[in-house]
Amino acid sequence: QVQLVESGGGLVQAGGSLRLSCAASGRTFSNLAMAWFRQAPGKEHEFVGAVDWRRSTYYADSVKGRFAISRDNAKNTVYLQMIGLKPGDTAVYYCAAQDYTIMTMYSQYNYWGQGTQVTVSS
């Protein structure tokens, strides 16, 4: 079992920045691929980006150049740094984990956090 706890969400103006954190426990963190998804009201979960166990990253086209994912294995934490935020980025952001490799589909992840709300005002 993996427990994931997100933090860092909030209200920000368009063009602003936020950093989300996801603290993991329960498994060897360095073996996990860690992903971020988001879900806007009335929409499906959308893949945002992920980092695999070797620190390789992969991003959705919609966030490339604006979002960056990093991991600190000593702190069992993954981060999502977001800059240039747009109203369209408003969503609940979820952290997800699975073994080793990056997947881009919601259903491919076994472990989920409770989510943190990000609201971008225009």
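What counts, and at which threshold
- Within each chain, residues carry numbers counting from 1 in the order of the written sequence.
- In keeping with the predicted nature of the model, local features appear solely for residues at pLDDT of at least 70, side-chain atom pairs appear and are counted solely at 80 or more, and the whole-chain, interface and lining totals rest on all residues.
- Side-chain measures here rest on the full set of heavy atoms in the structure, leaving out hydrogens and waters.
- Salt bridges are defined as contacts in which a side-chain nitrogen from Lys or Arg sits within 4 Å of a carboxyl oxygen from Asp or Glu.
- Throughout, exposure labels follow a simple rule: accessible area from a 1.4 Å probe, protein chains only, divided by the maximum for the residue type, with under 20% read as buried, over 50% as exposed, and the rest as partly exposed.
- The way it works is that DSSP assigns letters per residue, a run of H or I at least four long becomes a helix, a run of E at least two long becomes a strand, and they are numbered from the N terminus.
- Following DSSP output, two strands are said to pair if at least two bridges run between them.
- To obtain each axis, a line is fitted to C-alpha atoms, and for helices this fit is confined to the stretch in contact; angles are then taken between N-to-C directions over 0 to 180 degrees.
- When two cysteine sulfur atoms are found within 2.5 Å, that pair is recorded as a disulfide.

Across all of its chains, the model carries 6 salt bridges by this definition. With its nearest N and O atoms 2.8 Å apart, the salt bridge here joins Glu-46 to Arg-38. In this structure Glu-46 comes out as partly exposed when scored by relative accessible area, which is 31%. Look at Arg-38 and you get buried, because its relative accessible area is 6%. For Arg-66, the salt bridge is made with Asp-89, and the minimal N-O distance between the two is 2.7 Å. Of this pair, Arg-66 sits in the loop between β6 (57-59) and β7 (67-72) while Asp-89 is found in the loop between β8 (77-82) and β9 (91-99), placing the two residues 23 residues apart along the sequence. Judged by relative accessible area, Asp-89 falls into the buried class, the value being 2%.

Moving on: the sheet that holds β7. Pairing in this open sheet of 4 strands is antiparallel, and the strands run β1-β3-β8-β7 from one edge to the other. Each end of this open sheet is capped by a strand with a single partner; those strands are β1 (3-7) and β7. Shown here is a sheet whose adjacent strand axes are inclined to one another by a mean of 15°, direction ignored. By the bridge criterion, 6 bridges tie strand β3 (residues 18-25) to β8 in an arrangement that is antiparallel.

Going through the model one piece at a time under the given rule, you end up with 1 disulfide. A sulfur-sulfur separation of 2.1 Å characterises the disulfide bridge that pairs Cys-22 with Cys-95. The chirality of the disulfide connecting Cys-22 with Cys-95 is left-handed, given an S-S dihedral of about -80°. Separated by 73 residues along the polypeptide, Cys-22 in strand β3 and Cys-95 in strand β9 bring together distant segments of the chain. The residues Cys-22 and Cys-95 share a single accessibility class, namely buried.

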